[in-house]
Amino acid sequence: RGAGAVLGAASFAVPMLAGEAVMQASRRMVEGQREFLATRSLMRELPYSGQFGPSSVLGGGGSLHGSSMNASSVASFQSNISNMGAGMGASSAQMRNLVGGMGSMGMLDTSSVSSTSASIRKSLGELKNIAKIINSDLDGAIQTYGQLKQMGFSSHSSRLNGLRQM
């Protein structure tokens, strides 16, 4: 009788566990799709600094424009910013917000996916320096960057020197 109860419970538990595994996989797929769409949207909003004049990164024209409509380029860009964020303890959503802010401030070279990723790394380094000096987070640093840029500090070193003198 005890063995029958165990077998009955096991026959009930196995389909439940399988169903839970399918639901978890479905949730991960939906979340992955959301991340992909949000990254593609970000790429569309970034100003394009390539040889064909201003538009959005995915608008058409230069190498980032033309290639980034394909899923692998968006996924590659998404992976790059996620990895950079992971190194700083930032979520993908936080990184997209930061990258959007950097793009609107003109901090990024968006002529290709690789140049955009490289300029994000460089800009993050500058923002970390600014954040350290003003004792703030990266959101505060990007606002300070914008103020310094408006005041005429055009290079990384001039912005840092200007901050240190304030």
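Residues numbered from 1 in each chain as written. Predicted model: local features only at pLDDT ≥ 70, side-chain atom pairs only at ≥ 80, totals over all residues. Heavy atoms only, no water.

Caption draft 1: Representation of the overall build of the protein chain in the model. Looking only at helices and strands, the protein chain has 7 helices and 0 strands in total. Of the regular secondary structure in the protein chain, the N- to C-terminal order runs α-α-α-α-α-α-α. For the protein chain, buried positions account for 36% of its 166 residues. A separation threshold of at least 6 residues defines the contact pool for the protein chain, and within that pool the share at least 24 residues apart is 52%. Looking at the protein chain as shown, the accessible area adds up to about 9400 Å², and 57% of this sits on carbon and sulfur atoms. (Helix = DSSP H or I, 4+ residues; strand = E, 2+ residues; numbered from the N terminus. Buried < 20%, exposed > 50% of the residue type's maximum accessible area, 1.4 Å probe, protein only. Contact = heavy atoms within 4.5 Å. Areas by Shrake-Rupley, 256 points an atom, 1.4 Å probe, with all protein chains shown as cover.)

Caption draft 2: Representation of the pattern of salt bridges within the structure. Across all of its chains, the model carries 3 salt bridges by this definition. Of the charged contacts in the structure, one is a salt bridge between glutamate 31 and arginine 34, with a shortest N-O distance of 3.3 Å. Here arginine 34 and glutamate 31 lie together in helix α1 (residues 2–45), a separation of 3 residues that amounts to about one turn. Judged by its relative accessible area of 36%, glutamate 31 falls in the partly exposed class. A salt bridge links glutamate 126 to arginine 159; the shortest N-O distance between them is 2.5 Å. (Salt bridge = Lys/Arg side-chain N within 4 Å of Asp/Glu carboxyl O.)

Caption draft 3: The confidence of the model for the protein chain, seen in detail. Looking at the protein chain as a whole, its pLDDT mean stands at 76, while 77% of the residues score no less than 70. Residue range residues 51–65 is modelled with pLDDT below 50. Its contacts to residues more than four positions away, or to other chains, number 46 contacts. (pLDDT = per-residue confidence, 0-100.)

Caption draft 4: Up close: the side chain of glutamate 126. Looking at the element boundaries, glutamate 126 is found in helix α5 (residues 113–134). Look at glutamate 126 and you get buried, because its relative accessible area is 8%. Among residues more than four places away in sequence, those in contact with glutamate 126 are Tyr145, His156 and Arg159.

Caption draft 5: Spotlight on unusual backbone geometry. Within the chain, asparagine 135 stands out as a residue other than glycine whose phi angle is a positive 55°. Secondary-structure assignment places asparagine 135 in the loop between α5 and α6 (138–150). Look at asparagine 135 and you get exposed, because its relative accessible area is 72%.

Caption draft 6: Spotlight on the nonpolar core. In terms of nonpolar packing, the biggest core is built from 28 residues, with Phe77, Val99, Met102, Ile120, Leu124 and Leu127 touching the most fellow members. Mapped onto this core, the elements with two or more residues apiece are α1, α3 (71–88), α4 (92–104), α5, α6 and α7 (156–165). Apart from the residues within four sequence positions on either side, methionine 102 is in contact with Met107, Leu108, Ile120, Ser123, Leu124, Leu127 and Ile142. (Core = buried A, V, L, I, M, F, W, Y, C linked by side-chain atoms within 4.5 Å.)

Caption draft 7: Just the side chain of serine 92, in detail. Tracing the backbone through its elements, the reader meets serine 92 in helix α4. Apart from the residues lying within four places of it in its own chain, the contact partners of serine 92 are Glu35 and Ser82.

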